[in-house]
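# Breakdown of the fold
Listed below are the residues making up each chain.
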Amino acid sequence: MPMDAGVIIVGGGQGGFQAAASLREEGYAGPVTLVGAEPVSPYQRPPLSKGFLTGKTPQAQLPLRPDAFYEERGIEWLAGERVTGIDRVARRVTLASGARRAYDHLVLATGAVPRMPRSPGAELEGVQALRTLADAQLLKQRLGQAHRVVVVGAGFIGLEIAVASRELGLEVEVVEFAQRALQRSVSADAAAFLSVALQARGVRFHFSTGAEAFLGEAGRVCAVQTHRGDVLPADVVVIGVGVEPDDALARESGLSVQGGVLVDDYLLTSDPAISALGDCARFPAADGAPPIRIESVQNAVDQARCIAARVVGRPVRYRKVAWFWSDQGQNRLQIAGVADPADASVLRGSIADGKFSVLRFRGDRLTAIESVNSAADHMAARKLLAAGIAVTPEQAADASVKLASLVAMAA
Ligand SMILES: Cc1cc2nc3c(=O)[nH]c(=O)nc-3n(C[C@H](O)[C@H](O)[C@H](O)COP(=O)(O)OP(=O)(O)OC[C@H]3O[C@@H](n4cnc5c(N)ncnc54)[C@H](O)[C@@H]3O)c2cc1C
């Protein structure tokens, strides 16, 4: 690949940062430009719904690298700048400031944007989602002045915010459309354990109902009315009903987009001069299932590394085992692999002891392992899935059979 214009990375989040850093680690010598719409250097998002809200993680600990890193590595970092258009024929992007920049290769790492409800009152002050540092700063300030918070959506981020809010001493209600927490992403066993733990900490759940309307007084939210007709008083309402991939730029420039920017096994879009990664990208599933999109730090980081290696001439198919974690107060959930909600569940360990794993199977194929406070199972799970080692439901259920020993036996 010629190295005159270099690589432009759109999005200075987890994946965009990693793409820039990995290009240099891989020895790429051309210009690298990282364009980020947020006005701050790339930072970690996971603490935003956890320690940052409670004050345990100060803002100073959020940046992925000190500011000097970018200059030292010869990475041009354009903070608070947005790519507004792509001229694919001329291989040039337009920036919000009006400048134009040429590229040899373009990486789309635009992430995702929170889904917001259309219910009446959603625009009231005090109703917000949590995606960026600016959102987290606002939420932290609001929680500091609030007594009652309603979280709409019992997904990972919603539950983490619920825990943090309880730690801050607030009254917390969670409204969830599904019949249980974490319906899309986690087995019933693991979800039940985590919600019971939250209930024990004082979080109140309202399942099988949604936010019908947000009620306000003088422009500020004061309650959430549920579909069932309950009125839940609230000083702050946090919307945690998922995100949409930020694929507008790709769509406008004529790239193939279908609920995310479509990429091939090498993370190339329908234009061979443009790659996409992380939350905004939909990539082929290893098992031939429809393309998937994964929202996790691991996915963004590993895809960025894969792209950087290809740019320097070492192409490899993207075939990493997906893994993820969520801290729910004292409990840590770790997931390796990707399960379908319909996949069967086999429990190992003791829910009563608060240390267990749930192995998910599609037919006789292991698809994912969810581990609650069981880090050893999680680490072994990643190896089992990476090596495609067969596990029987009987082995899965028998806690005396260490998962790591199955890895060792297959080696
Ligand atoms: C509160 C919170 C908690 C989380 N907790 C966990 C966790 O515990 N574990 C885990 O694995 N994952 C967690 N995640 C998910 C994880 O942070 C994301 O999957 C990851 O950040 C995705 O990286 P990305 O680079 O694809 O997108 P992002 O990190 O979202 O970065 C995208 C960036 O692109 C910028 N951008 C968009 N369009 C443009 C444009 N046109 N021009 C310039 N810039 C643009 C955006 O402003 C944004 O800064 C959490 C996410 C959030 C929000």
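Residues numbered from 1 in each chain as written. Predicted model: local features only at pLDDT ≥ 70, side-chain atom pairs only at ≥ 80, totals over all residues. Heavy atoms only, no water.

### Some points on the state of the cysteines
For the structure shown, the criterion picks out zero disulfides. You can see C280 has no disulfide; the closest cysteine sulfur is in C306, sitting 14 Å from it. C280 sits in the buried class, given a relative accessible area of 0%. (Disulfide = S-S within 2.5 Å. Buried < 20%, exposed > 50% of the residue type's maximum accessible area, 1.4 Å probe, protein only.)

### As for the sheet that holds strand 16 (residues 236–239)
Read across the open sheet, the five strands follow the order 9-16-10-11-12; overall the sheet is parallel. Pairing within the sheet leaves two strands with one partner each, and these edge strands are strand 9 (127–129) and strand 12 (203–206). Neighbour-to-neighbour, the strand axes of this sheet turn through a mean angle of 25°, independent of strand direction. As paired elements, strand 10 (residues 148–152) and strand 11 (residues 171–175) share five bridges and run parallel to each other. Looking at the pairing, V152 lines up with V175 of strand 11. (Pairing = 2+ DSSP bridges. Helix = DSSP H or I, 4+ residues; strand = E, 2+ residues; numbered from the N terminus. Axes fitted to C-alpha atoms, helices over the stretch in contact; angles between N-to-C directions.)

### Digging into helix 5 (residues 156–167)
With twelve residues, helix 5 should reach 16 Å at 1.5 Å per residue; the first-to-last C-alpha distance of 17 Å fits that figure. Of all the positions in helix 5, only F156, G158, L159, E160, I161, A162, V163, A164 and S165 are classed as buried. Looking at the residues trailing helix 5, positive phi occurs at G169, about 90°. (Expected span 1.5 Å × (residues − 1).)

### Digging into the site of the ligand
Around the ligand, the structure places 32 residues, and the nearest of them are G15, E38, K50, R131 and D279. One of the backbone nitrogen or oxygen atoms of V83 is found 3.0 Å away from a nitrogen atom of the ligand. In the environment of the ligand, an oxygen atom lies 3.0 Å from a nitrogen or oxygen atom belonging to the backbone of V297. The fraction of the free accessible surface of the ligand (1,000 Å²) that becomes covered by protein chains is 95%. Elements that contribute at least two residues to the shell around the ligand include exactly helix 1 (14–25), strand 2 (32–36), helix 8 (297–311) and strand 21 (323–328). If you tally residues by element for the shell around the ligand, the top one is helix 1, at three residues. Of the residues contributing to the shell around the ligand, the split by class is twelve nonpolar, eleven polar and nine charged. (Near = heavy atom within 4 Å. Polar contact = N/O pair within 3.5 Å; in protein donor to acceptor, adjacent residues only side chain to side chain. Areas by Shrake-Rupley, 256 points an atom, 1.4 Å probe, with all protein chains shown as cover. Nonpolar A, V, L, I, M, F, W, Y, C, P; charged D, E, K, R; others polar.)

### Considerations on the pattern of salt bridges
Applying the stated criterion across every chain yields a total of 24 salt bridges. Residue E244 pairs with R115 through a salt bridge whose shortest N-O separation is 2.8 Å. Linking E244 in strand 17 (residues 243–245) with R115 in the loop between strand 8 (112–114) and strand 9, this pair joins segments that are 129 residues apart in sequence. Linking E173 and R204 is a salt bridge whose minimum nitrogen-to-oxygen distance equals 3.1 Å. Of this pair, E173 sits in strand 11 while R204 is found in strand 12, placing the two residues 31 residues apart along the sequence. Using a relative accessible area of 11% as the deciding quantity, one classes E173 as buried. For R204, a relative accessible area of 40% corresponds to the partly exposed category. (Salt bridge = Lys/Arg side-chain N within 4 Å of Asp/Glu carboxyl O.)

### Focus on the packing of aromatic side chains
With the rule as written, the count across this model stands at nine aromatic pairs. An angle of 75° between the planes, with centres 6.3 Å apart, marks the rings of F17 and Y70 as edge-to-face. Of this pair, F17 sits in helix 1 while Y70 sits in helix 3 (residues 68–72); the two residues are 53 residues apart in sequence, bridging distant segments of the chain. Aromatic ring contacts, followed pair by pair, group F17, F69, Y70 and W77 into a single cluster. Above the face of the F69 ring, R65 is positioned so that its terminal group lies 5.4 Å from the ring centre. Between R382 and the ring centre of W323, over which it is positioned, the NZ or CZ distance is 4.0 Å. (Phe/Tyr/Trp six-rings, centres within 6.5 Å; stacked < 30°, edge-to-face > 60°. Lys NZ or Arg CZ within 6 Å of the ring centre and 35° of its normal.)

### Focus: the nonpolar core
Within soluble globular proteins, side chains that are nonpolar tend to cluster in buried spots. In this structure, I9, L23, I86, V93, Y103, L106 and L108 are the most contacted members of the largest nonpolar core, which totals 49 residues. L23 has contacts with V7, I9, Y28, V32, A308 and V311, leaving out every residue within four places of it along the chain. (Core = buried A, V, L, I, M, F, W, Y, C linked by side-chain atoms within 4.5 Å. Contact = heavy atoms within 4.5 Å.)

### Re the UniProt feature "domain: Reductase C-terminal" (unreviewed entry) in the protein
Taken from the UniProt record, the annotation "domain: Reductase C-terminal" (unreviewed entry) applies to residues 323–406. Secondary structure content for residues 323–406 is 26% helix and 43% strand, and the end C-alpha separation is 19 Å. (UniProt positions renumbered as here; feature names shortened; annotations may be inferred.)

### Focus on the UniProt feature "domain: FAD/NAD(P)-binding" (unreviewed entry) in the protein
In the numbering used here, UniProt assigns the "domain: FAD/NAD(P)-binding" (unreviewed entry) feature to residues 7–304. With 24% helix and 27% strand, residues 7–304 has end C-alpha atoms that lie 13 Å from one another.

### Regarding the sheet that holds strand 1 (residues 7–10)
Spatially, the five strands line up as an open sheet ordered 3-2-1-7-19, and their pairing is parallel. With one partner strand each, in any of the chains shown, strand 3 (75–79) and strand 19 (274–276) form the two edges of the open sheet. Each strand of the sheet is rotated relative to its neighbour by a mean of 15°, with strand direction disregarded. Where strand 1 lies against strand 2, four bridges are found, and the strand directions are parallel. Within the sheet, the bridge partner assigned to I8 lies in strand 2 and is T33. Most of the contacts of helix 1 go to strand 2, to which it runs at about 170°, and overall it touches strand 1, strand 2 and strand 3.

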